[in-house]
Amino acid sequence: GAGVSQTPSNKVTEKGKYVELRCDPISGHTALYWYRQSLGQGPEFLIYFQGTGAADDSGLPNDRFFAVRPEGSVSTLKIQRTERGDSAVYLCASSLTGSGDTQYFGPGTRLTVL
Amino acid sequence: AQSVAQPEDQVNVAEGNPLTVKCTYSVSGNPYLFWYVQYPNRGLQFLLKYITGDNLVKGSYGFEAEFNKSQTSFHLKKPSALVSDSALYFCAVRDKRTYKYIFGTGTRLKVLA
């Protein structure tokens with residue numbers, strides 16, 4: 001079956017602009033995670049959804065970052081007033097229930113803020 | 001606070017030799033433990049996990065890992081390395097009481113022909 005997909009694969013924007021990154025999880029997976037991976041680092045947890053609700057958003061770095069999952073499937077990560085330090089690969093993962101299930105990762109969106 | 005340490009940035013091993021990639025962790029409760037592999041220009045791929053039960057976990061591509069509670073370690077092993085195993089390996093931990101996964105900084109494995 002189809003895996004986790006993320007669009008766009010690459011996004012270049014200018015400092016101060018707004019961006020949206022999309023994640024399509026595996027069908028039927030109720031748990032969805034967003035991570036940020038900077039060069040030479042491991043993925044850094046941002047937010048976890050169980051269904052439509054954000055069960056844990058403790059990893060969002062500040063209030064410029066926001067994520068939604070209105071119908072419990074597709075999720076959008078939104079970044080306002082982008083800064084150069086936001087440049088990274090943003091990864092999405094989904095799992096069946098979230099209770100220690102295997103996470104399946106998408107290919108990521110590489111965000112570059114000029 | 002949860003943390004994961006992968007003390008080696010890079011591990012070099014000759015093809016056919018056994019390999020070990022080290023991981024130690026710190027969580028306040030009982031952990032879920034995972035290994036993922038990342039090939040160039042590809043997403044993270046699941047290798048294996050420890051949830052409960054037998055401390056020795058077998059996973060994909062002949063890899064295995066042993067959960068050692070007293071040493072708080074979860075080292076990744078393979079009896080005979082292949083050149084195609086060369087990739088970036090990440091250890092991850094999650095406290096069973098939370099949903100937050102913490103990843104290590106990664107270890108680059110290089111298998112030499």
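Let us look at the structure shown here.

Conventions and cut-offs
Sequence order as written defines the numbering, with residues in each chain counted from 1. The lettering of chains begins at A and the numbering of ligands begins at 1, in the order of writing. Per-residue local features of the predicted model are confined to residues with pLDDT of at least 70, and side-chain atom pairs are confined, for both listing and counting, to 80 or more; whole-chain, interface and lining totals are unaffected and use all residues. The side-chain values count all of the structure's non-hydrogen atoms but skip hydrogen atoms and water molecules. The helix and strand labels rest on DSSP assignments: H or I over at least four residues marks a helix, E over at least two residues marks a strand, and numbering proceeds from the N terminus. By definition in these notes, contact holds between two residues if any of their heavy atoms fall within 4.5 Å. Here, the term disulfide refers to a pair of cysteine sulfur atoms separated by no more than 2.5 Å. Throughout, buried area stands for the accessible area (probe radius 1.4 Å) lost by two parts on being put together, summed over both. Each salt bridge in this description consists of a side-chain nitrogen of Lys or Arg and a carboxyl oxygen of Asp or Glu lying within 4 Å of one another. Any pair of nitrogen or oxygen atoms within 3.5 Å is treated as a polar contact; in protein, a donor-acceptor pairing is required on top of that, and neighbouring residues in sequence qualify only through side-chain atoms on both sides. Residue polarity is assigned by list, with Asp, Glu, Lys and Arg as charged and Ala, Val, Leu, Ile, Met, Phe, Trp, Tyr, Cys and Pro as nonpolar; anything else, Gly included, falls into the polar class.

Attention now moves to the side chain of Ser73 of chain B. Looking at the element boundaries, Ser73 of chain B is found in strand S9 (residues 73–78). Residue contacts for Ser73 of chain B: discarding those within four places in its chain leaves Cys23, Thr24, Tyr25, Glu66, Phe67 and Asn68 of chain B.

Here the focus is the state of the cysteines. All names here are of chain B. Here the structure, examined in full by the defined rule, presents two disulfides over all chains. The disulfide partner of Cys23 is Cys91, and the gap between their sulfur atoms is 2.0 Å. Looking down the S-S bond of the Cys23 and Cys91 bridge, the torsion is -65 degrees, so its handedness is left-handed. Linking Cys23 in the loop between strand S3 (19–21) and strand S4 (24–26) with Cys91 in strand S10 (residues 87–95), this pair joins segments that are 68 residues apart in sequence.

Next up on the list: the environment of Glu71 of chain A. Mapped onto the fold, Glu71 of chain A is located in the loop between strand S7 (65–68) and strand S8 (75–79). With 26 residues separating them along the chain, Glu71 of chain A and Phe45 of chain A place their C-alpha atoms 22 Å apart.

With that out of the way, let us pick up the interface of chain B and chain A. Interface size, as often reported, equals the accessible area lost upon joining of the parts. At the junction of the two partners, chain B supplies 17 residues and chain A supplies 21 residues. Of the roughly 1,600 Å² buried at the junction of chain B and chain A (both faces included), carbon and sulfur atoms supply 55%. Across the contact surface, chain B and chain A share zero salt bridges. Summed over the shared surface of chain B and chain A, the number is three residue pairs in polar contact (both at pLDDT 80 or more). Sorting the residues of the side of chain B that touches chain A by element identifies strand S5 (31–38), strand S6 (44–50), S10 and strand S11 (101–103) of chain B as the ones contributing at least two each. When residues in the side of chain B that touches chain A are grouped by element, the largest group, four residues, is from S5 of chain B. The residue makeup of the side of chain B that touches chain A, split by class, is ten nonpolar, four polar and three charged.

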